[in-house]
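What the coordinates show
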Amino acid sequence: MTPPVTGSSVTESTPTQAKSGGCGCNSNSSATVEMDEKLKERIAKHPCYSEEAHHHYARMHVAVAPACNIQCNYCNRKYDCANESRPGVVSELLTPEEAAHKVLVIAGKIPQMTVLGIAGPGDPLANPEKTFRTFELIADKAPDIKLCLSTNGLMLSEHIDRIKQLNIDHVTITFNTIDPEIGAQIYSWVHYKRKRYRGIEGAKLLLEKQLEGLQALKEADILCKVNSVMIPGINDQHLVEVNKVIRENGAFLHNIMPLISAPEHGTYFGLTGQRGPTQKELKSVQDQCAGNMKMMRHCRQCRADAVGLLGEDRSQEFTKDKFLEMPAEYDFDKRQEVHAGIEKFREELKTAKEKVLANKQQAANSPKILVAVATKGGGLVNQHFGHAKEFQVYEVDGTEVRFISHRKVDHYCQGGYGEAATFDNIVKTIADCKAVLVAKIGESPKEKLLQAGIQTVEAYDVIEKVALEFHEQYVKEGNKD
């Protein structure tokens, strides 16, 4: 199966509410069918809100909001950090006019880009004039691009009318705790109406404003994704309670992200030795919350100037010195034609998956195993092992293939330099996987992986099909764990 030339799982479950108050639980009520369809349409081309869409559609962020009104202990807003990929990092700030031009340039060159977000490097609503001016310019010239913003929630309720007026249909709140005592360990200070609050007082104020903003989004029928940073020993055991509260207050999607705390990032947590969670710890908390509402597991914790499909960063192709010299070639009709091709391919992919699954019957005591996939997108195994910057990890049980996480790695093919250390890191990163599914792999890395207990499967096909075929062979060979 060949994806559309412009493009770079099992059909996901659909929440049952049309409003942001939908918890994502399944329902058989016929009254929800129409709302289901409306929701599917709202998230169908949004790579953050739809795990399936992220294989096909791209997003971009513009860095127009430098100021922030809170200081998180995991955050250090940095500039000119082209090689660093994490929230709050940008290479250069833009004016609203520059940002709008950049969006129109990229919308022409990457027609599968469907979402424009403002996520920093500070807080968009601590910079309301720049944020809303940017959205105004883009909404006027590119009506098919979805508008999103990410915020800490402190000023959300005060700007809800403007957000609604601009048809900003997706808002993310970073919501790490519902306990001010825990919040005091996460936030250094909160600045609100010309006064700075610290400790429990600041955390309590932030929580009150976040809940107020969440309720305002629900009433305005704006989909809300909640990001929570998982911090071992501080809020990790508390996130199930956070999940319960945000679901009850109207959140649509919950994204539990691992703390990034390397010392070189210069954050408080990084400098004090606070570790991030292991993959196993992160998955455990995500699994505990998954039964209550829709979970996002494919987040890449993007830079504030990210461009491209999730898992790729093309921002260096569009630096200010480059994009300001490029013509804005936004073409609505051409973009719609590309999207139609993507949707046709998605339907073909869906049919292929359903055909594979229809012939699968789960054997007694069929084991659940993890497999790592090298993919460039499109829902396919289609990347060379040595070219992978990340592996997508799926859980397979014989009848179902479920996306679990993505795991970043360094390129293995580096012309000989550093390959041994890089390979060891790759093995460590996917050590809990029984196989790696790739389009191509050399004999040497294949043998080394086998010595580490990881089989390799070479294919160019639908991820689910290749994963299920491997699982079947794995069980036939007598493996039970």
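Here, the structure is the one placed above.
Residues numbered from 1 in each chain as written. Predicted model: local features only at pLDDT ≥ 70, side-chain atom pairs only at ≥ 80, totals over all residues. Heavy atoms only, no water.

1. Some thoughts on the nonpolar core
- In this structure, M113, L116, F135, I163 and I168 are the most contacted members of the largest nonpolar core, which totals 87 residues.
- Beyond its immediate sequence surroundings of up to four residues, L116 is in contact with M60, V62, V103, F135, I138, I145, K146, L147 and C148.
- Of all hydrophobic cores here, the second largest spans 19 residues; its members include A374, F391, I426 and V438. (Core = buried A, V, L, I, M, F, W, Y, C linked by side-chain atoms within 4.5 Å. Buried < 20%, exposed > 50% of the residue type's maximum accessible area, 1.4 Å probe, protein only. Contact = heavy atoms within 4.5 Å.)

2. Some points on the sheet that holds strand β9 (residues 195-198)
- In spatial order, the strands read β2-β8-β9; together these three strands make up an open sheet with antiparallel pairing. The open sheet has two free edges, formed respectively by β2 (70-72) and β9, since each of these has just one partner strand. Neighbour-to-neighbour, the strand axes of the sheet open up by a mean angle of 20°, direction not taken into account.
- As judged from the three bridges shared by β2 and strand β8 (residues 187-192), these two strands associate in the antiparallel manner. By the bridge assignment, C72 is partnered in β8 with Y187.
- Packed on one face of the sheet, helix α6 (residues 199-219) meets β2, β8 and β9 and runs near 60° to β8. (Pairing = 2+ DSSP bridges. Helix = DSSP H or I, 4+ residues; strand = E, 2+ residues; numbered from the N terminus. Axes fitted to C-alpha atoms, helices over the stretch in contact; angles between N-to-C directions.)

3. Focus: the packing of helix α7 (residues 239-248) against helix α9 (residues 279-290)
- Running from amino to carboxyl end, α7 crosses α9 at an angle of 35°, the nearest separation of the two axes being 9 Å. For α7 against α9, the interelement crossing comes out right-handed. Taken together, the residues of α9 that come into contact with α7 (itself represented by L239, V240 and N243) are V285, Q288 and C289.
- By residue class, the composition of the contact of α7 with α9 is four nonpolar, two polar and no charged. (Left-handed = near helix turned anticlockwise from the far one by under 90°. Nonpolar A, V, L, I, M, F, W, Y, C, P; charged D, E, K, R; others polar.)

4. Quick notes on the side chain of Q274
- On the secondary structure map, Q274 appears in the loop between α8 (268-272) and α9.
- For Q274, a relative accessible area of 17% puts it in the buried group.
- Among the polar contacts listed, one links the side chain of Q274 to the backbone oxygen of P232, at a separation of 2.9 Å.
- Those residues in contact with Q274 that sit more than four places away from it in its chain are I231, P232, I234, L259, S261 and F269. (Polar contact = N/O pair within 3.5 Å; in protein donor to acceptor, adjacent residues only side chain to side chain.)

5. As for the packing of aromatic side chains
- Applying the stated criterion across every chain, the model contains six aromatic pairs.
- Pairing F470 with Y474 gives two aromatic rings, centres 5.8 Å apart and planes at 40°, and the pair type is tilted. With F470 and Y474 both in helix α14 (residues 463-476) and four residues apart, this pair spans about one turn of that helix. For the residue pair F470 and Y474, the accessibility class agrees, reading buried in each case.
- Through a chain of ring-to-ring contacts, the aromatic side chains of F385, F391 and F423 assemble into a single cluster.
- Taking NZ or CZ as reference, R196 lies 3.9 Å from the ring centre of W189, over its face.
- Taking the ring centre of F423 as reference, the NZ or CZ of K448 above it sits at 5.6 Å. (Phe/Tyr/Trp six-rings, centres within 6.5 Å; stacked < 30°, edge-to-face > 60°. Lys NZ or Arg CZ within 6 Å of the ring centre and 35° of its normal.)

6. Some thoughts on the sheet that holds strand β13 (residues 307-308)
- The strand order across the open sheet built from eight strands is β12-β11-β10-β7-β6-β5-β1-β13, with neighbouring strands paired in mixed fashion. Two strands close off the open sheet at either side, each with one partner strand: β12 (295-296) and β13.
- Lying over the sheet, helix α2 (residues 96-109) contacts β1 (58-61), β5 (113-118) and β13, oriented at roughly 160° with respect to β5.

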